[in-house]
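Survey of secondary and tertiary structure
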Amino acid sequence: MTDLLEAAMRLMVVFVAFLTLPLLVGQLEHKVMAHMQARVGPMYAGGFHGWAQLIADGVKFSQKEAIVPDAADRIIFGLAPALALLPYFIAMVAIPIGPGLAGQELDAGVFFVLAVMGVGVIGTLMAGWASANKYSVLGAVRQVSQLMAYELPFVLAAVSIVMAAGSLGFTDIVDAWQPWWLIWQLPAGVVFFVAGLAELNRPPFDMPVADAEIIFGPYTEYTGLRFALFLLAEYAGIVLLCLLTSVLFLGGWNGPFGDSWLWTFAKAGVLAFVVIWLRVSYPRLRADQLQKLAWQVLIPVALAQLLLTGVVVLAW
Amino acid sequence: MSERSLLSPTGVDIAFTLLGLVAVAAALMVVTTKQIVHAALWLVVSLGAVAGCYLVLTAEFVAWMQVLIYLGAVVVLLLFGMMLTRAPIGPSEELTGANRVVSLFAALAITAVLGVLIVDAFATTMIDIDGQKSTASVMGASLFRYWVLPFEALSVLLLSALVGAIALSQSDEEA
C-alpha cells in the first residue's frame, strides 16, 4: 500500500512539474524575446516587467470558443491535442533530476524516453488530417518529413553517450559521466540538441508551422483550450529536451560545490535560454536546407562520433 | 517452469488477456472500418496493446522497441503515405478489394500455421516470469550469442528491401 501511495505521490509531483515548468519557459520566452527584439508588448500587462502577460494569455485562451470545422473528423480532431501532449508527460516520468529523484527509474530509461517521444508526432498528424484544411495537411506532411530526417541523428547521438557509459539507465550515465566527456561527447551533444530542436518544430526548424506560408500548419483550425494544449506540448517538449540534454551530455546533477538537483535545473535552464535565443536570431530553414543539414551534416557527424566513442571505449 | 492451473488466473493473466482482446478487437477494426485513416489509427491501438502484452510479460526492452519502431515509425510512415496520396475524411466505398476472399484465406492460413507452431512448441509449458526481467543486456546477449544467424539473415532481408526500394524509385524517374 505504501508503495502504491509513494508511486502516486511521485506521479503527482511529476504532473505538477509537467504543468509548471513549460509555463516558466513560456514566461522566460516572453521576456527574453522582448529584450532581444526591443518589444514593448510583453512588458506592459500587470505593471512591473509585464509579469501578468502569461496569466492574461491563459485567461484569453480559456474564454475562446472551441470551434470544430464542419468538414472535420470530430473525434480525431478532439483526440489529437491529448495524443500530442500525453507522450511528453509519460517521458518526463522517467527522467531523473537528482540521484533517486525520478517519477520512476527504469532499467532502459534512455530508450524508453526516445521511444515515447517518437509517438507524439501521431497527434500532430491526426490534427493535420482531421482539420479538413489543406494547410493543416501540408503542415502535417512537412512535420513528418522533417521528423524522419532528424529522428536518426537524434537517436544515434543518444547511442553514443549510452555506449560511453555502458548503460541505458539515466542514473548510471550520470554516475559514469566525467568532465572531460564534455569535449569527447561534444559533437554528439550538439547533434542531439539540434536534432531535438528540429523534432520540436522550434525555430529555425519551424517549417511545419510556418505562419507566412501555411498559417499555423496542423494547428490552424484549433482554438481556445485545445490550441493551448498544443502550445503546452511544445513547451513541455522544450523542457524535456533541455532536461534530457543536461542529464545525458552535461553531467546532470554533477557539478562543483557538491552534487545537487539544482545543477540539473540550472543546466536545463541555460539550454532553454539558448532555445529561445536561437528562435530570435535565426531565420527559418527552407525544406532543402533542412534535409541537407540532417543528411549531410548531422548524420555523418553522429556516425563519426559513434566511431570515436567505440574506439575510445574499447581502447580504455 | 512450474505447473499451475489455468482455472485460477493471477492479475498478470487477466491483464494479459484483456490487452490481447484489445489488440485483436482493434485489429478487426483495422480491416472492417470504412475510413482509411481510421484504419491506420486503429493499428496504433492494436500495436500499442501488443506492446502492453510484452510489458506484462516483463519484456520491457521489447515493449519499448515495439513502441519506437511500430508506433513511432511504421504507423507514422503509413499515415504519411496516405496523406501524400489519398486520405479523404469520411467513408470510402472501394476500400475492400476484389481479393477479400483470397486475403481472408491467407490470413487464416497464417494464423493456423503460427497457432500450430506455438501450441506444438509450448503446449502446456509454464514459464515462470517472476523475478526475471528481460533487460537490455539479457536481450543483447541472447540476440548476439544464440540468435545471431537469424539476426544476420534479417539484416540481409532489410538490405535487399532497401536496394529494391532504390531500384523502384530509379525506374520511376527514367519513365
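All right, on to the overall build of chain A then. Within chain A, the regular secondary structure consists of 13 helices and zero strands. Rg of the C-alpha trace for chain A: 20 Å, near the compact-globule value of 20 Å for 316 residues, within the 12% margin. When the backbone C-alpha atoms are referred to their principal axes, chain A occupies close to 65 × 45 × 45 Å. The buried share among the 316 residues of chain A stands at 48%. Partitioning the contacts of chain A with sequence separation of at least 6, the portion at a separation of at least 24 is 77%.

Only a minority of non-glycine residues have a phi that is not negative, and only a minority of peptide bonds are not trans. All names here are of chain A. Residue Pro204 follows Pro203 across a cis peptide bond; omega there is 5°. For Asn201, which is not glycine, the phi dihedral falls at a positive 65°. On the secondary structure map, Asn201 appears in the loop between helix H9 (186–199) and helix H10 (211–214).

Once that is clear, we can look at the environment of A:Ala272. Residues and elements named next belong to chain A. With respect to the secondary-structure elements, Ala272 resides in helix H12 (residues 261–281). Each C-alpha atom, one on Ala272 and one on Leu244, is 12 Å from the other, the two residues being 28 residues apart in sequence. Excluding anything up to four places from it in sequence, Ala272 contacts Val25, Leu28, Ile238 and Cys242.

When cut into domains, chain B gives domain 1 (11–134) and domain 2 (135–175). In this structure, domain 1 of chain B and domain 2 of chain B have C-alpha centres spaced 21 Å apart.

Before going further, it helps to spend a moment on the packing of helix H5 (residues 120–130) of chain A against helix H6 (residues 134–165) of chain A. Residue and element names in this part refer to chain A. At a minimum axis distance of 7 Å, the contact between H5 and H6 shows a crossing angle of 155°. Classified by the angle between their axes, H5 and H6 sit roughly antiparallel to one another. Judged by the twist between their axes, the crossing of H5 over H6 is left-handed. On H6, the residues that touch Val121, Thr124, Leu125, Ala127, Gly128 and Trp129 of H5 are Ser136, Val137, Gly139, Ala140, Gln143, Val144 and Leu147.

At the junction of the two partners, chain A supplies 22 residues and chain B supplies 21 residues. Secondary-structure elements contributing two or more residues to the side of chain A that touches chain B are helix H4 (109–117), H5 and H6 of chain A. The element best represented in the side of chain A that touches chain B is H4(A), accounting for five residues.

Two numbers describe how H4(A) lies on helix H3 (residues 60–85) of chain B: the axes approach to 8 Å, and their chain directions differ by 25°. Between H4(A) and H3(B), the interaxial angle falls into the category roughly parallel. As for how H4(A) packs across H3(B), the hand of that crossing is left-handed. Taken together, the residues of H3(B) that come into contact with H4(A) (itself represented by A:Phe111, A:Phe112, A:Leu114, A:Ala115 and A:Val116) are B:Trp64, B:Val67, B:Leu68 and B:Gly72.

Let's shift gears to the confidence of the model for chain A. Confidence in the prediction for chain A averages 85 pLDDT; 99% of positions are at 70 or higher. At the low end of the mean pLDDT range in chain A sits H10(A), at 80; at the high end sits H9(A), at 90.

What counts and what doesn't
Residues numbered from 1 in each chain as written. Chains lettered and ligands numbered in written order. Predicted model: local features only at pLDDT ≥ 70, side-chain atom pairs only at ≥ 80, totals over all residues. Helix = DSSP H or I, 4+ residues; strand = E, 2+ residues; numbered from the N terminus. Rg over C-alpha atoms; globule rule 2.2 N^0.38 Å. Buried ≥ 20, exposed ≤ 12 C-beta atoms within 10 Å, placed from the backbone. Contact = placed C-beta atoms within 7 Å. Domains from an automatic or database assignment. Axes fitted to C-alpha atoms, helices over the stretch in contact; angles between N-to-C directions. Parallel < 35°, antiparallel > 145°, perpendicular 65-115°, else oblique. Left-handed = near helix turned anticlockwise from the far one by under 90°. pLDDT = per-residue confidence, 0-100.

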